[in-house]
Amino acid sequence: MKTIDKNNHTEQNQEERELDTLQEFLTFEVDKEIFGIDILYIHEILKPVPITRIPNVEGFILGVINLRGEIIPIMDLKELFGLGFCDILPSTRIIVVVTGEKRAGLLVDSVKQVVKIRKDKVSQANEDLSVNYSELIESVSQVEDSLILNLNLSKVMDYAGEEA
């Protein structure tokens with residue numbers, strides 16, 4: 001006869017409920033602002049590599065890289081946001097993101113960490129954000145005393161698709 005440990009079953013359900021209420025974001029810095037991308041869209045994080053320039057594209061498209069046989073456009077988020085160009089420093093990274101069939105690399109000043117945020121701490125961004133790139137911000141999260149601007153990756157990827 002099988003016995004059921006009700007305490008263990010209750011703890012497992014509690015953990016599952018907590019996971020349902022959490023969302024994970026990779027946080028990174030662009031021009032001293034903290035941004036986030038849902039971890040589900042992150043393919044990998046690279047140190048800067050040589051980028052092949054493409055003529056006649058918007059300034060925020062730096063060019064393309066060959067990532068294991070796949071050609072991926074690289075966007076400078078700082079330039080896309082209208083904040084100037086990202087300097088290539090030891091902390092600079094390329095975040096390779098995937099949505100559907102699209103892949104792109106996002107050049108950022110530095111990658112911070114993965115944070116788990118309760119979904120009730122994620123607020124949809126409204127149109128009144130005072131930043132000039134507000135259309136690219138999907139939501140705002142609060143972690144401790146700081147705010148994280150979460151990117152609307154589909155809109156960011158639209159920029160990559162138009163140019164590359």
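Nothing here was measured: the structure is a model prediction, and the numbers come from that model. (Residues numbered from 1 in each chain as written. Predicted model: local features only at pLDDT ≥ 70, side-chain atom pairs only at ≥ 80, totals over all residues. Heavy atoms only, no water.)

Asker: Would you explain the overall build of the chain in this entry?
Answerer: Looking only at helices and strands, the chain has 3 helices and 11 strands in total. Written out in order from the N terminus, the α and β elements of the chain read α-β-β-β-β-β-α-β-β-β-β-β-β-α. For the chain, the proportion of its 164 residues judged to be buried stands at 40%. Of all intrachain contacts in the chain linking residues separated by at least 6 positions in sequence, the fraction that spans at least 24 positions is 56%. Just so you have it, the chain exposes about 10,200 Å², and 47% of that area is on carbon and sulfur atoms. (Helix = DSSP H or I, 4+ residues; strand = E, 2+ residues; numbered from the N terminus. Buried < 20%, exposed > 50% of the residue type's maximum accessible area, 1.4 Å probe, protein only. Contact = heavy atoms within 4.5 Å. Areas by Shrake-Rupley, 256 points an atom, 1.4 Å probe, with all protein chains shown as cover.)

Asker: Which parts of the structure should I look at to understand the confidence of the model for the chain?
Answerer: Parts of the prediction with low pLDDT should not have their coordinates interpreted in detail. For the chain, per-residue confidence averages 83 on the pLDDT scale, and 79% of positions sit at 70 or higher. Ranking the elements of the chain by mean pLDDT puts helix H1 (residues 6–20) last, at 55, and strand S3 (residues 42–46) first, at 96. (pLDDT = per-residue confidence, 0-100.)

Asker: In this structure, what is going on with the sheet that holds strand S6 (residues 93–99)? I would like to understand it.
Answerer: Hydrogen bonding along the main chain pairs the strands of a sheet, whether they run parallel or antiparallel. With mixed pairing, the 5 strands of this open sheet are ordered in space as S3-S6-S7-S5-S4. Because the sheet does not close on itself, it has two edges, and the strands there are S3 and strand S4 (61–67). Put simply, the sheet's adjacent strands are angled 25 degrees from each other on average, direction ignored. Taken together, the 6 bridges between S4 and strand S5 (residues 70–76) define a ladder with antiparallel strand orientation. (Pairing = 2+ DSSP bridges. Axes fitted to C-alpha atoms, helices over the stretch in contact; angles between N-to-C directions.)

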